[in-house]
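# Chain and residue survey
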Amino acid sequence: MPKEYKDLRSARWFAPDDLRSMGHRSRAMQMGLDDGDWDGKPVIAIINTWSDLSPCHHHLRDRAEFVRKGILQAGGMPAELPVHDFSEQFLKPTSMLYRNMGAMEVEETLRSHPVDGVVLMGGCDKSTPALIMGALSMGLPFIFLPAGAMLRGNYAGQKLGSGTDVWKYWDERRAGTIGKEQWDGVQGGIARSYGTCMTMGTASTMMSIAEGFGLTLPGASSIPAPDAGHKRMASACGRRIVEMVWEDLTPDKIVTREATANATTVAMATGCSTNAIIHLIAMARRAGVDWGLDDLDRIGHEVPVLANIRPSGKEYLMEDFFYAGGLPALMKELGDKLDLSVTTVNGRSLGDNIAGAVNYNDDVIRPLSNPLYHEGSLAVLRGNLAPDGAVIKPAACDPKFHRHKGPAIVADSYPELKKIINDPDYPMTPDHVLVLRNAGPQGGPGMPEWGMIPMPQALLKDGHRDMVRLSDARMSGTSYGACVLHVAPEAFIGGPLALIETGDIIELDVPNRKLNVQITDAEMDARRARWQAPEPRYGRGYGWMFSRHVEQADKGCDFDFLRTEFGEPVPEPEIN
């Protein structure tokens, strides 16, 4: 049954003829509004992550006006509410430290205000999962409006890809093959517009996952940020969310186990960021869907990489992906690997949404018969070094490292690691395994993107550009190479990674999903008995709370007390 005005949350604030509601109405009038703005209309929150220090979201102040226009066109009352900006570039030590805080902010902002439905505006890495996690926990109808990718980079006639070419050219500068002038040219040409990274990094991955869940309007995740179509999509989101409120189309009807499988399938087919694993688990669990590493690895075995986009691909970027037909075209190619019966935010099934999708370039979006890589983007590894799992991106590294055995070089911190990788005479070979530990959820703190360990100068000077690197950290989705990440449990809390020593033989076997250190159980136990826990990273404040409640990577790094099953649902606020 469609809702009536009296059933809306916002009516509790505005409709009663009592003292408190008179105060709400009078303060709304203080802002120039009158009863024609709210009477009989749903209040729609525009959750905006714009800030002066968020280059990926720098256009969202403008886009909020287009969302507002759409809300007004459909007969709603818009209310823009700012939240944390999740600026990947400027937040230190890492934006991941603040993902859960942002999710809490979204949930409590929505709960405490007279809001009936929501348009979430974000895109830069942690913003998408944070916004969606908070909105899922609140349970109001919502649409996610992706910020969109920036334009292709360019320098000296060459396409530049966000992040991916930064790592590449930095290695070349450290190897002495390019100079400062070229490096400065890359700096000036790699980010030519507002919008997120235009490789299939974490931002594009998570925006695609949002559409895979059915939480965006069709095609929204692929529109470049500067494209005029992005403005029209913003207005369409504003119009549609008003309809969703009246239809009572809440997220529990959209984010199901089947939709989660679709989102994971889409992620694997896009050549997704390794960060997708952590965020997918956290988002699914906020919706009450039990989703874990085994589910991800199972789908990773079954779904090939179809998006020929850097860093898994060699040539194309998100702008090319959009021109080729975008995510709807990729989902059309996936066919029966998706559950096409699921409901999406426009009220239609996924099958209906992609029925007319066309693939305009089958080199950018490959058919199942000609994939870029024969399995999904990510592989989950386990063994005595990672009993709770670790992650690698096989499609983005040299295949010769898919099976590898070599001696460890261990660094306990990033400053220690830098001394190793910046020493041109450090004794090592390409067979060594470079290990960084104490960089996980608690050790980092916040699990920073230190896992894309730069190639050591000692190897760069001899022409080597890849080696096996191992850590309990994350890496940027724009990164590449034989990097094993998210080792769980992390070293900082006494996981096996804390116990290995320089010279230990590390064995990596991607086809068989194995990661082991060749020492006996007795030796492991002896080292564990000698291990001493490091001092906590924080003595007070948010960091103190984070360290005590963050879960490990295999559980999505959410706070334990924010899990859906932690306690009873939070009641609506009293209005007295």
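All values derive from a computational prediction rather than experimental measurement.

### Focus: the side chain of aspartate 125
Examined against the element boundaries, aspartate 125 turns out to sit in the loop between strand E3 (117–122) and helix H6 (127–138). Ignoring sequence-local partners within four residues, the contact set of aspartate 125 consists of Glu88, Thr202, Ala203, Met206 and Glu449.

### Description of the nonpolar core
Ile47 and Leu120 are the most contacted members of the largest nonpolar core, which has 108 residues in total. Ranked by the residues each element gives to this core, the list is headed by helix H10 (residues 228–247), at eight residues. Residues Leu381, Val433, Val468 and Val517 belong to the second largest nonpolar core, which totals 29 residues.

### Some details on helix H7 (residues 164–175)
Compared with the 16 Å implied by 1.5 Å per residue over 12 residues, the 17 Å span of H7 between its first and last C-alpha is a close match. Restricting attention to buried positions, one finds in H7 the residues Thr164, Asp165, Tyr169, Asp171, Glu172 and Arg174. On its buried face, H7 is in contact with strand E6 (158–160), helix H8 (180–189), helix H17 (414–421) and helix H18 (457–460).

### Points about the sheet that holds strand E2 (residues 77–82)
On the basis of which strands lie adjacent, the open sheet formed by four strands has the order E2-E1-E3-E4 and parallel pairing. For this open sheet the edge positions go to E2 and strand E4 (142–146), each flanked by a neighbour on one side alone. Each strand of the sheet is rotated relative to its neighbour by a mean of 20°, with strand direction disregarded. Note that strand E1 (residues 43–48) and E3 share five bridges and pair parallel. Bridge pairing in E3 links isoleucine 46 to valine 119. Packed onto the sheet, helix H4 (residues 60–73) meets E1, E2, E3 and E4 and runs at close to 165° relative to E1.

### Things to note about the pattern of salt bridges
If charged atoms from side chains of opposite charge come close, those side chains can pair. Scanning all chains against the criterion turns up 43 salt bridges. We note a salt bridge from arginine 68 to glutamate 65, for which the minimum N-O separation is 3.5 Å. Of the two residues, arginine 68 and glutamate 65 both sit in helix H4, three residues apart, roughly one turn of that helix. Each of the salt bridges in this network shares a partner with another, and the network as a whole consists of Glu88, Asp125, Lys126, Glu449 and Arg474.

### Notes on empty space enclosed by the protein
For the structure shown, the criterion picks out three cavities of 30 Å³ or more. Space inside the largest cavity adds up to approximately 60 Å³. In terms of lining residues, the largest cavity is bounded by Glu211, Gly214, Thr216, Leu217, Pro218, Met331, Thr344, Leu350, Asn353 and Ile354. Its residues assigned to classes, the lining of the largest cavity shows five nonpolar, four polar and one charged.

### Details of the packing of helix H5 (residues 99–112) against helix H12 (residues 275–286)
Relative to each other, H5 and H12 sit at 30°, their axes nearing to 13 Å. The orientation of H5 relative to H12 falls into the category roughly parallel. Like other packed secondary-structure pairs, H5 and H12 cross with a definite hand, here right-handed. Contacts from Arg99, Ala103 and Glu107 of H5 reach H12 at Ile278, His279, Ala282 and Arg286.

### Notes on the environment of asparagine 100
Relative to the helices and strands, asparagine 100 resides in helix H5. When neighbours within four sequence positions are excluded, asparagine 100 is seen to be in contact with Met133, Tyr542, Val550, Cys557, Asp558, Phe559 and Leu562. Within polar-contact distance, the side chain of asparagine 100 engages the side chain of arginine 99 at 3.0 Å.

### What about the side chain of arginine 513?
Locating arginine 513 in the fold gives a position in the loop between strand E13 (505–509) and strand E14 (514–517). Residue classification places arginine 513 among the buried residues on the basis of a relative accessible area of 10%. Ignoring sequence-local partners within four residues, the contact set of arginine 513 consists of Asp297, His301, Glu375, Leu378, Ala379, Val380, Leu381 and Arg382.

### A word on the state of the cysteines
One pass over the full model with this rule turns up zero disulfides. Cysteine 197 takes part in no disulfide bond, and the closest cysteine sulfur, belonging to cysteine 56, lies 5.7 Å away. Take cysteine 483: it sits in no disulfide, and the sulfur closest to it among the cysteines is that of cysteine 397, at 8.3 Å. When its relative accessible area of 1% is taken as the criterion, cysteine 483 is described as buried.

### Quick word on the packing of aromatic side chains
Inspection of the entire model under this criterion finds nine aromatic pairs. For the ring pair phenylalanine 546 and phenylalanine 559, a centre distance of 5.7 Å and an interplane angle of 80° mean the geometry is edge-to-face. Of this pair, phenylalanine 546 sits in helix H20 (residues 541–549) while phenylalanine 559 is found in the segment after H20, placing the two residues 13 residues apart along the sequence. The class for phenylalanine 546 is buried, based on a relative accessible area of 3%. When its relative accessible area of 0% is taken as the criterion, phenylalanine 559 is described as buried. Considering the side-chain rings of phenylalanine 559 and phenylalanine 561, the 5.4 Å spacing of their centres and the 25° angle between planes classify their relative orientation as stacked. Among the aromatic residues, those joined into a cluster by ring pairs are Tyr98, Tyr542, Phe546, Phe559 and Phe561. A cation over an aromatic ring shows up here: arginine 12 above the ring of tryptophan 13, its NZ or CZ 5.7 Å from the ring centre. Above the plane of the ring of tryptophan 50 lies arginine 61, whose end atom (NZ or CZ) is 3.9 Å from the centre.

### A look at unusual backbone geometry
In the segment running from lysine 92 into proline 93, the intervening peptide bond is cis, with an omega of 5°. Here proline 93 lies in the loop between E2 and H5. Omega for the peptide link from glycine 444 to proline 445 comes to -5°, which places this bond in the cis form. Mapped onto the elements of the fold, proline 445 is located in the loop between strand E10 (433–436) and H18. In this structure, histidine 486 takes a positive phi of about 60° despite not being glycine. In this fold, histidine 486 is placed in the loop between strand E12 (483–484) and E13.

### Some remarks on the pairing of E4
The element E4 is largely enclosed, with a buried count of five among its five residues. Side chains Phe142, Phe144 and Pro146 project from E4 onto one buried face, and the interleaved Ile143 and Leu145 project onto a second face that is buried too. Two elements, E3 and E4, share five bridges in a ladder whose sense is parallel. Opposite methionine 121, over in E4, you have leucine 145 as the bridge partner.

Reading the values: the criteria
- Residues numbered from 1 in each chain as written.
- Predicted model: local features only at pLDDT ≥ 70, side-chain atom pairs only at ≥ 80, totals over all residues.
- Heavy atoms only, no water.
- Helix = DSSP H or I, 4+ residues; strand = E, 2+ residues; numbered from the N terminus.
- Contact = heavy atoms within 4.5 Å.
- Core = buried A, V, L, I, M, F, W, Y, C linked by side-chain atoms within 4.5 Å.
- Buried < 20%, exposed > 50% of the residue type's maximum accessible area, 1.4 Å probe, protein only.
- Expected span 1.5 Å × (residues − 1).
- Pairing = 2+ DSSP bridges.
- Axes fitted to C-alpha atoms, helices over the stretch in contact; angles between N-to-C directions.
- Salt bridge = Lys/Arg side-chain N within 4 Å of Asp/Glu carboxyl O.
- 1 Å grid on protein atoms, 1.4 Å probe; cavity = no way out; pocket = protein on both sides within 12 Å on 5 of 7 lines; lining within 4 Å.
- Points joined across faces, edges and corners; volume = space filled by probe spheres on them.
- Nonpolar A, V, L, I, M, F, W, Y, C, P; charged D, E, K, R; others polar.
- Parallel < 35°, antiparallel > 145°, perpendicular 65-115°, else oblique.
- Left-handed = near helix turned anticlockwise from the far one by under 90°.
- Polar contact = N/O pair within 3.5 Å; in protein donor to acceptor, adjacent residues only side chain to side chain.
- Disulfide = S-S within 2.5 Å.
- Phe/Tyr/Trp six-rings, centres within 6.5 Å; stacked < 30°, edge-to-face > 60°.
- Lys NZ or Arg CZ within 6 Å of the ring centre and 35° of its normal.

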